[in-house]
Amino acid sequence: MWTLAAEFQFSWLWVAEVLVGVALYAMLAASLNLVTGFGGMFSLGHHGFFAVGAYAAGWMASLAASVEPGSAAGWAVFAASAVFAVAASAAAGLLVGLPCLRLRGDYLAIATLAFGEIVRIVIQNTPALGGSLELNVPRLVMRPRGLAEVESFRELFLVVGVAALAVVLVVIRNIVRSAHGRAVVSVREDEIASELLGVPTTRYKVRAFVLGAAFAGLAGWYYAHYTGSIAPANFDMLVGIKILLIVVLGGLGSLTGTVLAAAVLVGLERLLQSGVFGEDLKRWMQVEYALILILVMLLRPHGLLGRFELGDLFRRRARGGRAA
Amino acid sequence: MLVVEDLVVAYGAVVALHGVSLEAKQGEIVTLIGANGAGKSTTLRAVSGMVAPRRGSVRLDGREVGGVPAHRLVRRGLAHVPEGRRIFTGLSVRENLELGAYTVRGRAEVAARLERVLALFPRLAERIAQSGGTLSGGEQQMLAIGRAMMARPRLLLLDEPSLGLAPLLVREIFREIARINREEGTTILLVEQNAHLALSTAHRGYVLETGRVALADAAPALLESPRVRAAYLGAT
Ligand SMILES: Nc1ncnc2c1ncn2[C@@H]1O[C@H](COP(=O)(O)OP(=O)(O)OP(=O)(O)O)[C@@H](O)[C@H]1O
Ligand SMILES: [Mg+2]
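Conventions adopted
Residues numbered from 1 in each chain as written. Chains lettered and ligands numbered in written order. Predicted model: local features only at pLDDT ≥ 70, side-chain atom pairs only at ≥ 80, totals over all residues. Near = placed C-beta within 6 Å. Helix = DSSP H or I, 4+ residues; strand = E, 2+ residues; numbered from the N terminus. Contact = placed C-beta atoms within 7 Å. Nonpolar A, V, L, I, M, F, W, Y, C, P; charged D, E, K, R; others polar. Buried ≥ 20, exposed ≤ 12 C-beta atoms within 10 Å, placed from the backbone. Pairing = 2+ DSSP bridges. Axes fitted to C-alpha atoms, helices over the stretch in contact; angles between N-to-C directions. Expected span 1.5 Å × (residues − 1). Bend = angle between axes of the 7 residues up to and from the residue. pLDDT = per-residue confidence, 0-100.

(A) Broad picture of the site of ligand 1. All names here are of chain B. Tyr11, Ala16, Lys40, Ser41 and Thr42 are the nearest of the 13 residues found near ligand 1. Sorting the residues of the shell around ligand 1 by element identifies strand S2 (14–24) and helix H1 (40–48) as the ones contributing at least two each. At 3 residues, H1 tops the list of elements feeding residues into the shell around ligand 1.

See below:
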């Protein structure tokens, strides 16, 4: 039996921090799910687009270091840096996607993996981005009329994170459900057959890939402004693996599954990290990913929800009940 | 309708077609027979835009289409049922068929096409909600052809529709192919290993040998040809 460490408190501050992490990883995983789950492209370099967005936003903010936090100018730069981050990562997505999406699946995986590493190395060698040290991202926004307390800042970012996540989820859902959504699914199912039915498969794949990159960039923007300092080490392969793990755990092609899996994984990670289960379990952190991956493969090879959404499960149950 | 001239196609260093010329006129069933590796599938792939020709020309209704991506040719009235059928096993029969109408505008038109295809293949109507992967081999072939017919093609390319099917089913499929040609007026380019059945169904035929056209004639004449009989019909 473990006893709860006495010094740990489930403070609102802690919960808000965890929820910010959940929103961040849900955004990242949803954007990867668009690429991998819906588009059928295996990308291992999603953390690279995350980094591009974070550094684009961070760099822009660093130019506005003298701006008063919470002022109109601060909010304007905050918003502009979102646009810049999304544009930069979308451009990077296009750059990687255009030549690579004609490649077979395994080559694409290798090319994207290389991209993630290249981004990190480029940042490390760019003094204007802090090199291998940290890039400070000055605080630009505050709650209107609020105090610059940790708590109020965190709450503000929780709201921002939920809003950004909502945008990402709604856009992806609309694409998948649109008239062309079936075509996206058909490309994943069989690219050659789709092409022969008149579906412009390369165009669909490039679009999904670029949009996925753009949303990862939005997550980068969010992360950079929230943490206030970013370093190349925050964007290594482990981050990419974690994003992929959430997608697999939640189910390829399931958005609600992605959010659920992000909550489970990030929540579990933070609980272990907090030492609430004692110091012994803190060490389990290191095997957590591997353990979860093995368990998923054994118990739910298609992820928690498979291709279904949470709503589908209730609907199916209701339908089954009526039929019985 | 379709004119192929001096077509050369290579996969890297492997040259699969060494200058193939053939033709399919409006309303014809033309068959392409030949041994394994003769280049039958490659010819269809070059016509439908799946591979780009290295040399030669492919003309559809008088317009050059060599090198045009496959998805564009669908709107020009071409449909290709590839080797191995490639139905969407994870989607239902209805979804498969509706994807076949990807290039068709308007709900009413799609519904009309669906009705027509289900009339051609009543077995598909019985299994409309079933997932494609649960169909039998013959039903999957019907689905693959039906899906291609959703776009109301003027030229239909069929790659070995008899592959892996029991003789009785093969005859049923070929009856349907003849019926599509008759009732829909679809021009058909049919690749087959089963030379006897193919030549009995087609109006004209080409015999392909290692990437070249060895013989070309009316189907009944090819059926009687000693060379064809010896090599492809198992007669001596
Ligand atoms: N993707 C490919 N890469 C390399 N070589 C290929 C490829 N596809 C076909 N070939 C080669 O091209 C030649 C013609 O192949 P093709 O598939 O057109 O023959 P086929 O007449 O359809 O044979 P089958 O009756 O076995 O289907 C063969 O020598 C084959 O090995
Ligand atoms: Mg073949």
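That shown, we press on.
(B) The interface of chain B and chain A, seen in detail. Each side of the interface is counted separately: chain B has 17 residues, and chain A has 14 residues. Looking at side-chain class alone, the side of chain B that touches chain A contains 8 nonpolar, 6 polar and 3 charged residues.

(C) Expanded view of the environment of A:Leu34. Residue and element names in this part refer to chain A. For Leu34, the location among the structural elements is in helix H1 (residues 12–38). What makes Leu34 buried here is the crowd of 30 C-beta atoms within 10 Å. Measuring from C-alpha to C-alpha, the distance between Leu34 and Val122 comes to 27 Å, with 88 residues separating the pair along the chain. Contacts of Leu34, omitting those with residues within four sequence positions, involve Gly39, Ile172, Ala208, Leu211 and Gly212.

(D) View of the pairing of S2(B). Residue and element names in this part refer to chain B. Two strands pair when backbone bridges link them, and strand S1 (residues 2–11) and S2 are joined in this way by 8 bridges, in the antiparallel orientation. Looking across to S2, one finds that Val4 is bridged to Leu22. In textbook terms, the turn of a hairpin is the stretch between consecutive antiparallel strands, and for S1 and S2 this stretch comprises 2 residues, one of which, Gly12, has a positive phi near 60°.

(E) Fine view of the environment of B:Asp159. Residues and elements named next belong to chain B. Here Asp159 is to be found in strand S7 (residues 155–159). C-beta crowding within 10 Å serves as the criterion here: with 23 such atoms nearby, Asp159 is assigned to the buried category. Along the backbone, Asp159 and Leu190 are 31 residues apart, and their C-alpha atoms lie at a distance of 6.4 Å. Those residues in contact with Asp159 that sit more than four places away from it in its chain are Ser41, Leu44, Val81, Pro82, Glu83 and Val191.

(F) Up close: the sheet that holds S1(B). All names here are of chain B. Strand order in the open sheet formed by 4 strands is S2-S1-S4-S5, with antiparallel pairing between adjacent strands. Since the sheet does not close on itself, it has two edges, and those belong to S2 and strand S5 (63–64), each with one partner. In terms of strand pairing, S1 meets strand S4 (residues 55–60) through 5 bridges, oriented antiparallel. Residue pairing in the sheet places Val8 in a bridge with Arg55 of S4. Sitting on the sheet, H1 is in contact with S1, S2 and S4, with an inclination near 110° to S1.

(G) Molecular detail of the environment of A:Ala109. Residue and element names in this part refer to chain A. By secondary structure assignment, the location of Ala109 is in helix H4 (residues 105–124). Placed 66 residues apart in sequence, Ala109 and Ser43 show a C-alpha to C-alpha distance of 5.0 Å. For Ala109, the contacting residues outside a window of four places in its chain are Phe42, Ser43 and Leu44.

(H) Spatial organisation of H1(A). Residues and elements named next belong to chain A. In this model H1 runs 36 Å from its N-terminal to its C-terminal C-alpha over 27 residues, within 8% of the 39 Å that 1.5 Å per residue would give. Of all the bends in H1, the greatest, near 35°, is centred on Leu32. Here H1 lies mainly inside the structure; 21 of its 27 residues are buried. Looking at the residues trailing H1, positive phi occurs at Gly40, about 70°.

(I) Structural context of the confidence of the model for chain A. Residues and elements named next belong to chain A. Across chain A, pLDDT averages 85, with 85% of residues at or above 70. Element-level mean pLDDT values for chain A span from 52 in helix H13 (residues 310–323) up to 96 in helix H2 (residues 46–63). The model gives residues 319–324 a pLDDT under 50, and that stretch makes 0 contacts with residues more than four places away or in other chains.

(J) Summary view of helix H3 (residues 93–100) of chain B. Counting buried positions along H3(B) gives 7 out of 8 residues, so the element sits mostly inside the fold. All of the buried residues along H3(B) are B:Val93, B:Glu95, B:Asn96, B:Leu97, B:Glu98, B:Leu99 and B:Gly100.

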